[in-house]
Amino acid sequence: MDTMDFELTEEQRMYQRALRDFCEAELKPYAAEVDESGELRWEAINKMPQLGLTGLQVPEEYGGADLDTISLAIAMEELGRACGSTALSLAAHNGLCCGPIVRWGTDAQKERYLPQLTSGKVLGSLALTEPGAGSDLANSVQTSAVKEGDSWIIDGAKAWITNPKYAPVIITLVRTDKQAGTKGFSMLLVEPEHVEGLEIHHPEKKMGLKGSPTQMLSYDEVRVPLDALLGEEGQGFYQTMQTLDGGRISIGALSVGLAQAAFEAGVQYAKQRRTFGKPIADHQAIQWMIADAATEIDAARLMVYRAAWLRDHEKPFSKQAAMAKLMASEVAERVARNAIQIHGGYGYSREFPVERIYRDTRLMTIGEGTSEILRLVIARRTLEAFD
Amino acid sequence: MHVVVFTRSTPDTAAKVEVDANGQVTWGDAATVVNPWDEYSLEEAILQAQNNGGKSTVIAIGTEMHNDALKHSLAMGLDAAIRVWDDALEGTDSLAWATVAAAAVNKLGDVDLVIFGKESVDVGTDQHNYQTARKLGWPMLSYVAQILEVDYDAKTIKVERMLEQGRQIVTSKLPAVISVMKDINEPRYPSFIGIRKASKAEIPVWSLADLGVDLPATHTSTPTFKNLPKVDIQVEIMQGDIDEQVATLVDRLLEEKVL
């Protein structure tokens, strides 16, 4: 008999436990420093391959862990609970760079990039967004590539790109046929070390997630070989949309982790801090915030797991992933906001983690699909169902 | 060569341990972890087996709750796990435990080295280590901070023991029993490959009949458990400049008869 089952498998539980131990020891104590210094803790990332974190869904033959999507969600939540910056860089590395290479790469491309990407010594990158193109990629992307002899020549600029300074390869979305609309895009594999004309600009100064580098890229007649094409010519836009569908599960899970961290900090503080002769956790105003946070985090996590489950069972998951990311990212912001409220003045101080977590959550409703674009996707799918 | 480690699941060290209304020790719904001291003995067993082309086995004596510690051990990289349990072991003491532990080692037959963590964190005792060595009739080297040399063919081991008086270098014959300190290594995290294998592993359970052992009479018993007396802590922050603060502090310490 088919049954619904809300229990994780033993493998997933053990994985969660191991990740919790790892993140508590290697990431959480350093999260404030990562935020302040703007540098990821490579000592921790170097140790990640053993836990599969640098190749969550990469086949084992290339050094990955070949995990199911629920385990991926578990990993992203645990990373997010410990350090938002590290989690974001790992989400981009896994979902946006390793993912497309595993899915559309030729054997030669997989052999060239995946062992290096899973080594724990580098992080991969995907360049979609441009100074004038974010939510509306289809109409606004200007970066183009033209064939010339045995090469593609890339010209243009990308903005808000995660990880370029650590990346041996930056997958770049380019227009290869300006007349073909959404069928005129392609993805090219660009190796910063081996090309000329690519400038990786200084990391942006951001509100949160400061340890995860976000950079602008300029392509000035950057020449890559014809076999740098990832997947089929003309399929780039569809590849992007499929990649972002999966990425939303990651960002949703990361958001749940941030929410969980803020929630735990808020509850612990509420049990300690006393006003009017008792811990503030005994006051109803605080209890309501705690109850709402516990409920909303639970809902968000279940939505993330469901989207992951659908993906693992090869069922349509695009709408559910959009819903999960929308829910989780907005929950994270609300929970972090209230965790600061529970802390009062101390919550506004950098001495307590909730201040950082709140800043970190703010990106979650913007990156890899803004809340507004997600609502558009969800509304479109919902309205179609009534046609 | 074959190295054996004993481990157990213990409450998370952050768990709040209390004696409940029925006089029983509880730690609420706290998660269990592998006895933290055993992380070092498990790591050492993996290293010894890897470096000397041998085999490592982990054993837990106890109820199903200890499967978690065994699976964690397998996920770290131990080659095999065994659980020993029999209802007759309920309520017995460390002598019975050691009798069973020695019988399990003897049943394996080819063991060169038994490694214990320094102690069990939940009960804060280590006599079972020495009792097991005595039951086996093997030398016991406790508080080992470093294995300096080991030769499984010549059956010798040279270790550095960390004692209150200083460091002591000891050479012994194998087979032997050692207990290890935190200095000895840096325990690894379980790997995803290890977790994958461990989650599917069926752990065999040996009974007293399987071991062919009779339990000795239990010589120790625990009449009652009591909670620690509650300590009322008052906090006072000294005011004024540093000289005034020190003067006030000294006055307070004299008042409280601390000085």
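Everything that follows concerns the structure shown earlier in this document.
Residues numbered from 1 in each chain as written. Chains lettered and ligands numbered in written order. Predicted model: local features only at pLDDT ≥ 70, side-chain atom pairs only at ≥ 80, totals over all residues. Heavy atoms only, no water.

Draft legend 1. Highlighting the overall build of chain A. Per the secondary structure count, chain A includes twelve helices and ten strands. Whereas a compact globule of 387 residues would reach a radius of gyration of roughly 21 Å, chain A reaches 21 Å, a difference of no more than 12%. The principal-axis extents of the C-alpha atoms in chain A amount to approximately 80 × 50 × 40 Å. The burial tally for chain A puts 56% of its 387 residues in the buried class. Taking the contacts inside chain A whose residues are at least 6 apart along the sequence as the reference set, 74% of them involve residues at least 24 apart. Counting only carbon and sulfur atoms, one obtains 51% of the accessible surface of chain A, whose full area is about 17,400 Å². The positive charge centre, built from 41 side chains, and the negative charge centre, built from 54, are 7 Å apart in chain A. (Helix = DSSP H or I, 4+ residues; strand = E, 2+ residues; numbered from the N terminus. Rg over C-alpha atoms; globule rule 2.2 N^0.38 Å. Buried < 20%, exposed > 50% of the residue type's maximum accessible area, 1.4 Å probe, protein only. Contact = heavy atoms within 4.5 Å. Areas by Shrake-Rupley, 256 points an atom, 1.4 Å probe, with all protein chains shown as cover. Lys, Arg positive; Asp, Glu negative; His and termini not counted. Charge placed at Lys NZ, Arg CZ, Asp CG, Glu CD.)

Draft legend 2. Quick look at the side chain of Ser56(B). All names here are of chain B. Relative to the helices and strands, Ser56 resides in strand β6 (residues 55–61). The exposure class of Ser56 is buried, given its relative accessible area of 1%. Contacts of Ser56, omitting those with residues within four sequence positions, involve Val3, Ala45, Ala49, Gly77, Leu78, Asp79 and Ala80.

Draft legend 3. Summary view of the packing of helix α10 (residues 318–343) of chain A against helix α11 (residues 353–364) of chain A. Residues and elements named next belong to chain A. Where α10 contacts α11, the axes come no closer than 9 Å and their chain directions differ by 160°. As the angle between them shows, α10 and α11 are arranged roughly antiparallel. Read as a crossing pair, α10 and α11 show a hand that is left-handed. Touching Lys325, Ser329, Ala332, Glu333, Ala336, Arg337, Ala339, Ile340 and His343 of α10 are Val354, Glu355, Ile357, Tyr358, Thr361, Arg362 and Met364, all from α11. (Axes fitted to C-alpha atoms, helices over the stretch in contact; angles between N-to-C directions. Parallel < 35°, antiparallel > 145°, perpendicular 65-115°, else oblique. Left-handed = near helix turned anticlockwise from the far one by under 90°.)

Draft legend 4. The interface of chain B and chain A, seen in detail. Taken together, the contacts link 17 residues of chain B with 20 residues of chain A. Of the roughly 1,500 Å² buried between chain B and chain A, counting both surfaces, carbon and sulfur atoms make up 55%. Of all residues in chain B, Tyr189(B), Phe192(B) and Arg196(B) bury the most surface against chain A, accounting for 49% of the area lost on that side. Linking chain B with chain A are five salt bridges, by the criterion used here. In this structure, Arg196(B) and Glu11(A) form a salt bridge, with 3.4 Å as the shortest nitrogen-oxygen distance. For the pair chain B and chain A, the number of links is eight residue pairs in polar contact (both at pLDDT 80 or more). Elements with a minimum of two residues in the side of chain B that touches chain A: β5 (32–34), α2 (67–76) and α5 (192–200) of chain B. With six residues, the top contributor of residues to the side of chain B that touches chain A is α5(B). Tallied by class, the residues present in the side of chain B that touches chain A amount to eight nonpolar, four polar and five charged. (Buried area = accessible area lost by both parts, 1.4 Å probe. Salt bridge = Lys/Arg side-chain N within 4 Å of Asp/Glu carboxyl O. Polar contact = N/O pair within 3.5 Å; in protein donor to acceptor, adjacent residues only side chain to side chain. Nonpolar A, V, L, I, M, F, W, Y, C, P; charged D, E, K, R; others polar.)

Draft legend 5. Expanded view of empty space enclosed by the protein. Tallied over the full model, the rule gives three cavities of 30 Å³ or more. Space inside the largest cavity adds up to approximately 80 Å³. Along the walls of the largest cavity sit Phe6(B), Thr7(B), Arg8(B), Asn35(B), Asp38(B), Trp97(B), Phe116(B), Gly117(B), Glu119(B), Ser120(B), His128(B) and Asn129(B), which together make up its complete lining. Looking at the lining of the largest cavity, the elements that each hand over two or more residues are β8 (113–117) and α4 (127–136) of chain B. Its residues placed into classes, the lining of the largest cavity shows three nonpolar, six polar and three charged. The space that makes up the second largest cavity amounts to roughly 60 Å³. Every residue along the wall of the second largest cavity is listed here: Ala262(A), Phe263(A), Gly266(A), Val267(A), Met289(A), Ile290(A), Ala293(A), Val335(A), Asn338(A), Ala339(A) and Ile342(A). Breaking the lining of the second largest cavity down by element, the ones donating at least two residues are α8 (236–272), α9 (284–312) and α10 of chain A. (1 Å grid on protein atoms, 1.4 Å probe; cavity = no way out; pocket = protein on both sides within 12 Å on 5 of 7 lines; lining within 4 Å. Points joined across faces, edges and corners; volume = space filled by probe spheres on them.)

Draft legend 6. Spatial organisation of the sheet that holds strand β9 (residues 140–151) of chain B. Residues and elements named next belong to chain B. Read from one edge to the other, the open sheet built from nine strands follows the order β11-β10-β9-β12-β8-β1-β6-β7-β13, with strand pairing classed as mixed. The strands lining the two open edges of the sheet, one partner per strand, are β11 (166–173) and β13 (205–206). Relative to β6, strand β1 (residues 2–6) runs parallel, the two sharing five bridges. Directly across from Val4, in β6, lies its bridge partner Thr57. Sitting on the sheet, α2 touches β6 and β7 (80–84), and the angle it makes with β7 is about 170°. (Pairing = 2+ DSSP bridges.)

Draft legend 7. A look at helix α1 (residues 10–26) of chain A. Over its 17 residues, α1(A) runs 24 Å from end to end, which matches the ideal 24 Å to within 8%, given 1.5 Å per residue. Those residues of α1(A) that fall on the buried side of the exposure criterion are Glu11(A), Gln12(A), Met14(A), Tyr15(A), Ala18(A), Leu19(A), Phe22(A), Cys23(A) and Glu26(A). On an axial view of α1(A), the arc spanned by its buried residues comes to 160°, and they lie on one face. Where α1(A) is buried, its residues touch α3 (42–45) and α4 (69–82) of chain A together with α2 and α5 of chain B. (Expected span 1.5 Å × (residues − 1). Arc of directions from axis to C-beta.)

Draft legend 8. Examining a negative patch on the surface more closely. On the surface, a cluster of negative charge is made up of Glu61(A), Asp66(A), Asp107(A) and Glu111(A). Relative to the assigned elements, Asp107(A) resides in helix α6 (residues 107–117). (Patch = residues over 30% accessible without salt bridge, like charges linked within 9 Å, V, L, I, M, F, W, Y side chains within 5 Å.)

Limitation: the analysis is restricted to geometry and does not speak to function.
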